[in-house]
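What follows is each chain in one-letter form.
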Amino acid sequence: MIYVQPDKWIPAGGMELEAAADYVIKSNKNCIVIAGPGAGKTELLAQKACYLLQTNICLSPYKILSISFKTDSADNLAKRVEKRCGKELSRRFVSKTYDSFAKGIIEHFRMAIPEEYRPPIGYNIATQDDIKYLLSQYKIPQDLENTYGIHEISDREFTKDYLVKYKLPISNNGSNIYEWLIKRVWHSLLNGELRLQPALTFPMISRIAEYMFRTNPYILMALRMTYKYIFLDEFQDTTGVQYDLIKTAFLGSDCTLTAVGDDKQRIMAWAGALNNIFNIFENDFDAEEKELVMNHRSAPRLVEVQRFLSKAINGSETKIETSKNWKPKDGVCENWIFEDEIQEAEIVCEYIKTWIEEEKIEPNDICIIAKQNIDIYSKYIVEKLDEYNIKARNEGNYQDILSEEITLTVLNIIVLADTKGSPFEWTQAMDFFTLLKGYNNGLRDDKPETLVFEFNSLLVDLKSELDNITSAAMLKNFVLKIVNYFNVNALKAVFPQYKNKKFFKKLIDDLVKYLWEGYEKSNNWVDAVADVKGVDSIPIMTIHKSKGLEYDTVVFIGLEDGAFWSFRNQSQEDMCAFFVALSRAKRRAVFTFSNLRHDKYGHQRLQERDEIKTFYDILQESQVVEEITFAQPKTK
DNA sequence: CCCTTTAAGCTTTTT
DNA sequence: GCTTAAAGGG
């Protein structure tokens with residue numbers, strides 16, 4: 001292998017890096033990179049990986065470990081690194097989620113876990129129902145009830161606030177009134193009880209991994225000898241449980257940590273993200289803080305609005321620079337005020353139609369966002385768009401079927417059975433087929449030709465059946481036939497998530513439902529698959545789901561007190577949510593307000609904007625946002 | 001049994 | 001903030 005001299009190294013892909021990014025890439029110290037939307041945080045990690053590998057500063061065979069929150073972010077980063085520095089070097093770049101890292105560790109080093117907390121082989125992932133079931137089995141001991149006046153606790157509260165509150169082992173000193181319950185639930189989950197198989201939640205798995213590293217210096221050493229560089233993505237979302245694991249694993253080692261995140265996009269506090277994580281990390285790991293100032297994504301006028309909002313969130317001026325690809329006057333941010341949702345739908349849809357037809361914006365480059373309850377907020381718009389033959393859909397409903405192997409394979413197989421010769425689908429489906437067949441046949445050494453022959457005959461067989469499908473029920477049988485062909489037990493063994501019956505059933509039912517909807521529209525299976533994939537649909541999603549994504553145009557529905565009911569309690573977090581929504585837009589952001597809006601119970605209520613007045617003030621202050629009040633609703 | 005009070009959900013990912 | 005469902009009291 002020929003390595004590059006560090007001073008000769010240049011960023012892959014002709015990328016221009018700002019000074020701070022260049023510094024962090026080449027720094028050998030622990031760093032925390034704070035950077036706003038569109039600054040290229042993930043790209044920085046990808047480039048740093050290339051630098052370390054291509055110069056061999058990350059000395060072969062030492063590896064880089066990158067930890068993300070979501071599988072697709074982890075995969076995305078791995079792909080970028082592979083693309084930039086090739087297959088061979090990128091083999092030493094390991095990109096995982098927190099959960100897969102912890103789960104992999106406890107399974108690989110199972111025997112190193114203290115016996116009391118050692119999970120049995122083949123444990124399941126615990127569901128909320130499992131915990132609910134356990135709690136329903138237990139009665140509060142009378143003496144504890146009398147001494148402390150402990151009340152019954154809901155399963156959700158228990159899982160959220162108690163189950164993984166402390167590091168293992170669970171203490172015996174009575175410091176927590178629910179100690180006995182925590183101990184009992186842990187014991188039952190680890191060992192199984194009555195009709196419950198052994199099952200652990202992901203935070204429990206992290207706790208076990210942390211305990212193992214803390215009590216077993218050899219395993220800890222092995223970890224630290226494998227990975228010399230650690231990347232932490234979306235660091236602002238780190239929970240206490242995750243941070244404890246990172247700290248035990250790497251604090252005091254000679255590993256170099258690089259964390260990237262944005263405190264202005266901290267919208268997961270309610271789910272356990274730590275409050276002051278950047279400072280905590282800086283202190284613990286003696287990390288150097290660097291800020292990226294570029295926003296490569298948004299047009300200048302949108303960045304101007306972001307600037308004012310940043311200031312409101314941080315309390316201080318934030319430096320943001322825009323990309324030279326934009327002209328200074330580029331970017332549109334508007335505030336649309338309506339009488340009611342009917343008028344809102346009519347105007348919004350007219351504009352969307354114009355954007356698609358005249359500005360030639362792709363539907364999937366327009367995003368409709370709401371704070372929550374997106375089906376309620378987008379109902380009338382979806383109906384109206386349908387009249388214009390523009391597809392729009394709740395992206396959340398499709399996210400599982402478009403990321404799970406089994407459903408993707410069914411979609412691939414349908415395309416292959418219907419039309420021969422789609423190389424992309426063929427390769428993917430064949431990989432899956434080989435994996436599962438190999439599993440079914442144990443160690444049988446199948447020749448590739450045999451498998452190809454088998455697969456082709458399956459396709460021929462399915463083709464004739466596909467042609468005869470005339471109902472959703474028949475489609476379901478067809479899908480189940482494919483699933484059963486692969487052997488359900490083999491599927492569960494290779495993809496343990498399918499052991500969760502509820503999840504698996506919903507996956508198949510949803511696939512059938514959406515596929516059938518698509519087929520009824522087009523009478524063509526290839527189009528039905530494209531429809532499920534959402535090739536030309538406008539995505540609709542919550543702010544939380546939109547984080548990390550970008551669109552030419554963003555339409556935010558309902559900048560109203562009603563949508564920001566939590567503002568009084570968590571104005572900081574809601575401002576961040578507003579910031580995330582705004583900063584998804586590359587060129588145009590539109591916020592709507594409707595005087596009248598139906599809630600999820602079907603009641604039409606008057607909307608106000610007193611509570612979130614500060615949002616409107618910020619928009620006005622920026623002097624680039626126009627507020628447009630539309631006329632009375634039109635009569636048909 | 002009826003009326004009043006209280007609690008919980010809104011926003012989510014992970015094999 | 002606003003709803004519904006569950007729990008509690010008379």
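Residues numbered from 1 in each chain as written. Chains lettered and ligands numbered in written order. Predicted model: local features only at pLDDT ≥ 70, side-chain atom pairs only at ≥ 80, totals over all residues. Heavy atoms only, no water.

K.L.:
Looking at this structure, I do not really get the overall build of chain A. What am I missing?
P.N.:
Helix and strand content of chain A: 25 helices and 19 strands. Here chain A has a C-alpha radius of gyration of 27 Å; the compact-globule value for 636 residues is 26 Å, and the two agree. Considering only C-alpha atoms, chain A reaches an extent of 70 × 70 × 65 Å along its principal axes. By residue count, 51% of the 636 residues in chain A fall in the buried class. Look at the contacts in chain A between residues 6 or more apart in sequence, and 79% of them connect residues 24 or more apart. As presented, chain A carries roughly 30300 Å² of accessible surface, and 51% of it is formed by carbon and sulfur atoms. A distance of 4 Å separates the average location of the 80 positive side-chain charges in chain A from that of its 92 negative side-chain charges. (Helix = DSSP H or I, 4+ residues; strand = E, 2+ residues; numbered from the N terminus. Rg over C-alpha atoms; globule rule 2.2 N^0.38 Å. Buried < 20%, exposed > 50% of the residue type's maximum accessible area, 1.4 Å probe, protein only. Contact = heavy atoms within 4.5 Å. Areas by Shrake-Rupley, 256 points an atom, 1.4 Å probe, with all protein chains shown as cover. Lys, Arg positive; Asp, Glu negative; His and termini not counted. Charge placed at Lys NZ, Arg CZ, Asp CG, Glu CD.)

K.L.:
It is not clear to me how the protein's contact with DNA strand B should be interpreted in this structure. Could you clarify?
P.N.:
The full set close to DNA strand B counts 20 residues, and Thr71, Asp99, Arg156, Gln372 and Asn373 are the nearest of them. Protein-adjacent atoms of DNA strand B, using a 4 Å cutoff, are sugar or phosphate at a proportion of 57%. At 2.8 Å from a phosphate oxygen of DNA strand B is found a main-chain nitrogen or oxygen belonging to Thr71. Gln399 is positioned such that a nitrogen or oxygen atom in its side chain is 3.3 Å from a phosphate oxygen of DNA strand B. Breaking the surface near DNA strand B down by element, the ones donating at least two residues are α4 (98–108) and α23 (543–546). (Near = heavy atom within 4 Å. Polar contact = N/O pair within 3.5 Å; in protein donor to acceptor, adjacent residues only side chain to side chain.)

K.L.:
When you look at the sheet that holds strand β14 (residues 537–542) in this model, what are you seeing that I'm missing?
P.N.:
Hydrogen bonds between backbone groups are what pair the strands of a sheet, and the pairing can be parallel or antiparallel. Pairing in this open sheet of seven strands is parallel, and the strands run β13-β14-β12-β15-β16-β11-β19 from one edge to the other. The strands lining the two open edges of the sheet, one partner per strand, are β13 (391–394) and β19 (625–629). Pairwise comparison of adjacent strand axes, ignoring direction, gives a mean angle of 20 degrees for this sheet. Examined bridge by bridge, strand β12 (residues 366–370) and β14 share three bridges and lie parallel to one another. Its bridge partner being in β14, Ala370 is matched across the sheet by Thr542. Relative to the sheet, helix α13 (residues 300–314) contacts β11 (332–338), β16 (585–594) and β19, its axis offset from that of β16 by approximately 60 degrees. (Pairing = 2+ DSSP bridges. Axes fitted to C-alpha atoms, helices over the stretch in contact; angles between N-to-C directions.)

K.L.:
Explanation requested: the pairing of strand β3 (residues 93–97) in the structure shown.
P.N.:
Each regular strand shows side chains that alternate between the opposite faces of the sheet. Taking burial as the measure, the five residues of β3 include four buried ones, the bulk of the element. By the bridge criterion, five bridges tie strand β2 (residues 63–68) to β3 in an arrangement that is parallel. Each bridged residue has a counterpart across the sheet, and for Ser68 the counterpart in β3 is Thr97. What joins β2 to β3 is helix α3 (residues 71–90), and the crossover it makes is right-handed. (Right-handed = clockwise from strand over helix to strand, strands pointing away.)

K.L.:
What is the right way to look at helix α18 (residues 448–467) in this model?
P.N.:
Because each turn of an α-helix spans 3.6 residues, side chains separated by three or four positions end up pointing in the same direction. In this model, α18 (20 residues) spans 29 Å end to end at C-alpha, consistent with the 28 Å of a helix rising 1.5 Å per residue. Within the sequence span of α18, burial applies to Leu451, Phe455, Leu458, Leu459, Leu462 and Leu466. In an axial view of α18, the angular spread of the buried residues amounts to 105 degrees, which keeps them on one side of the axis. Along α18, the residues that are exposed and aim more than 90 degrees away from the buried face are Glu449, Phe453 and Val460. (Expected span 1.5 Å × (residues − 1). Arc of directions from axis to C-beta.)

K.L.:
How should the nonpolar core be read in this particular structure?
P.N.:
Nonpolar side chains tend toward joint burial in soluble globular proteins. Judged by nonpolar contacts, the single largest core of 66 residues is most densely connected at Phe158, Trp186, Leu232, Phe250 and Phe281. Non-local contacts of Phe158, meaning those with residues more than four positions away in its chain, are made with Ile131, Leu135, Ile153, Leu163, Leu181, Ile182 and Val185. Judged by nonpolar contacts, the second largest core, of 63 residues, contains Leu302, Ile374, Val555 and Phe615. (Core = buried A, V, L, I, M, F, W, Y, C linked by side-chain atoms within 4.5 Å.)

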